[in-house]
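A closer look at the structure
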Amino acid sequence: MVKLSAAILLAAFGALAHAQTEQDLLRDGNGSNTDNVLTYGMGYHQQRYSPLKQINKSTVKRLVPVWSLSLANEVGEQAQPLVYNGVMYVSNVRQTVAIDIATGRQIWATPIEWDPAAARVVCCGLSNRGVALYDGKVFVASIDAYLKALDAKNGKQIWRTKVAEWKEGYSITSAPTVVNGVLITGMTGGEYGVRGFVAGYHPETGSLLWRRHTTAGPGEKGHETWPAGNAYLRGGGSTWITGSYDPDLDLTYWGTSNGGPWDANWRPGDNLWVASVLALRPKTGQIVWHYQWTPAETYDYDGNNENVLADITVNGVKRKVLMHADRNGFLYVLDRTNGELLAGNPYVTVNWAERIDTATGRPVETEVAKRLRSGEKVELKPRWTGGKNWFPMAFNPNTGLLYFPMKEETAIYQINKEMPAYKPGERYQGVENTTAPRTPGAAWGYYAALNPLTAKPKWRMPLTEFPMWSGMLATGGGLVFSGKLTGEFIAIDEDTGRIVWQFQTGSGINAQPITYTHNGRQYVTVLSGLGGGTSAKRETAGKIQPGGSVWTFALMPD
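Fair warning: this is a prediction, and the values are worked out from it, not measured in the lab.

Analysis parameters
Residues numbered from 1 in each chain as written. Predicted model: local features only at pLDDT ≥ 70, side-chain atom pairs only at ≥ 80, totals over all residues. Heavy atoms only, no water. Helix = DSSP H or I, 4+ residues; strand = E, 2+ residues; numbered from the N terminus. Rg over C-alpha atoms; globule rule 2.2 N^0.38 Å. Buried < 20%, exposed > 50% of the residue type's maximum accessible area, 1.4 Å probe, protein only. Contact = heavy atoms within 4.5 Å. Areas by Shrake-Rupley, 256 points an atom, 1.4 Å probe, with all protein chains shown as cover. Lys, Arg positive; Asp, Glu negative; His and termini not counted. Charge placed at Lys NZ, Arg CZ, Asp CG, Glu CD. Disulfide = S-S within 2.5 Å. Salt bridge = Lys/Arg side-chain N within 4 Å of Asp/Glu carboxyl O. Polar contact = N/O pair within 3.5 Å; in protein donor to acceptor, adjacent residues only side chain to side chain. Core = buried A, V, L, I, M, F, W, Y, C linked by side-chain atoms within 4.5 Å. Pairing = 2+ DSSP bridges.

Quick look at the overall build of the chain now. Within the chain, the secondary structure is distributed over four helices and 38 strands. Against the globule reference of 24 Å for 558 residues, the chain gives a C-alpha radius of gyration of 22 Å, in line with a compact fold. Projecting the C-alpha coordinates of the chain onto the three principal axes gives extents of approximately 70 × 50 × 50 Å. A buried classification covers 64% of the 558 residues belonging to the chain. For the chain, contacts bridging at least 24 residues in sequence account for 61% of all contacts bridging at least 6. Of the roughly 19,600 Å² of accessible surface on the chain, a fraction of 50% belongs to carbon and sulfur atoms. Within the chain, the 49 negative side-chain charges are centred at a point lying 2 Å from the centre of the 54 positive side-chain charges.

Written as structure tokens, this is what we have:
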């Protein structure tokens, strides 16, 4: 009987499935087909906004779980699901799974095989943030730095290609993306002395089309910002969050991570293009412009956080902008056509820089930063995990506000006196860092709604029990969805910041919710499963149980 049911599901799935096209991907997130979620960020712009309003402030009290599926994984869930023609695709480090939306039944599951020894070079938890869909294929990466294509109908592997050598410190935790017909992936390894890059592949064959390194080498613009010698070969700049894309400009925007080693005294100069955003041509990997969030980065302020694209009014003029809340504590608005700084303001407590100089685009560092560089032990704000880490924010084009979790933590930070020795596949940092003691009852941070141009909050909700690691989703129903490490999936009133609904999923949430329709009914889905690095786990040990699952919600009939 079970075999017959599986066969029926597979046949129904085969009848629904057909190749996704570039036009399907371009339409994602514009409200024209809410049955599908085809891109990371719910649209190439990564606004994580949906106009759906069947679930709203009045009806949310009737929101109930309609199905849940175990993912048989205890190391954490950070992926954003994708949805196409009634089928959901989810992934973690262990497997990729296709699920029938109507029933929650598994259609197929394909293991993601990787060398177990590779786990030692994954900095901050065994993570996988999702898949890409295109031309009837599901693309997924593994932590030992392979990229592979699966047949969307049955999960069978079509091709597999090696992106980098994990024994040298490389891994992949991000979701790949397909833009302008090119399959693009980033990588991670900034703590291991790697040379960062973004790479483009042929989606049909897995053959390499281009590779753009993110530390400027000899003969490249920006190489003069590195010291003489081979420091750029171990300079970091990893690209571990999926880039956004503007199809009109044909530019894809990728953030880069910390420098290597962390201590910039051993690599004097601005070190382009670490801790930056790069605007690239997807067909070639050509860098069109860049903006560096943290020149001579020495704080582990990765610049990878998502780059949200929108058209907003700035000083009375409509501008094409890129919005970015950096780990360094500043919220930036750039002109995405050329990288011009339009605004840069602190959104949490910052003590390493006074401000961002609007004339030069550079931070004006404080005495704290100067003392740190001289070798003193300092209290550094924000902590190296940032005012905001990788968990993505949402932008509502109707309210003009950004919604995101933020963190208020302090590091005790000191640069080592001796340069660290580089050994392939081993940590290459050169600092001593711990977390400053917390005042009992002080907020770990906030959920907040912020004006992107001023970083001033419309509201802030203090989070005092645990830090937060879940992304946010804004909807036309006046709600913002997110999750807590204590397991609650929550809906927040976008006007007041008040929690108006919640449901306990059984494990910590550090993933990104989505919403979509099926047969005219609005659904909301999120993955639950405590994971991440030590920063997410240190306060939850023995208090919150691991265990991965998918939860899907809809309104209970009146």
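On we go.
Attention shifts here to the state of the cysteines. Per the stated rule, a full pass over the model turns up one disulfide. Each sulfur of the disulfide joining C123 and C124 lies 2.0 Å from the other. According to the relative accessible area criterion, C123 is partly exposed, its value standing at 23%.

Another point: the side chain of D100. Mapped onto the elements, D100 comes out in strand β5 (residues 95-100). This buried residue, D100, is left without a salt bridge; R105 holds the nearest opposite charge, at 7.7 Å. Polar side-chain contacts of D100 include one of 2.8 Å to the side chain of T103.

So, on to the side chain of R234. Its place among the elements puts R234 in the loop between β14 (208-213) and β15 (244-246). With no salt bridge to any partner, buried R234 finds its closest opposite charge in E168, at an N-O distance of 11 Å. A polar contact of 3.4 Å, which involves the side chain of R234, links it to the side chain of N230. When sequence neighbours within four positions are dropped, the list of residues in contact with R234 reads G193, V194, G260, Y422 and Y428.

Let us now look at unusual backbone geometry. For the bond from G260 to P261, the omega torsion is -5°, close enough to zero to count as cis. By secondary structure assignment, the location of P261 is in the loop between β16 (251-255) and β17 (276-280). Here the bond from K381 into P382 is cis, since omega is -5°, no more than 30 degrees from zero. Looking at the secondary structure, you find P382 in the loop between β25 (378-380) and β26 (394-396).

Moving on to the environment of G236. Mapped onto the elements, G236 comes out in the loop between β14 and β15. The class for G236 is buried, based on a relative accessible area of 0%. For the pair G236 and G190, spaced 46 residues apart in sequence, the C-alpha separation works out to 4.4 Å. Those residues in contact with G236, other than ones at most four positions away along the chain, are G190, V194, R195, G196, T214, T215, N258, G259, G260 and V274.

Here the focus is the nonpolar core. One finds M88, Y89 and F481 to be the most contacted residues of the largest nonpolar core, which totals 97 residues. Ranked by the residues each element gives to this core, the list is headed by strand β38 (residues 549-555), at five residues.

Moving on: the pairing of strand β35 (residues 499-504). Consecutive side chains along a regular strand alternate between the two faces of the sheet. Pairing geometry for strand β34 (residues 488-493) and β35, over five bridges, is antiparallel. Paired with A491 across the strands is W501, a residue of β35. The hairpin formed by β34 and β35 contains five residues between the paired strands, and G497 there has a positive phi angle of roughly 80°.

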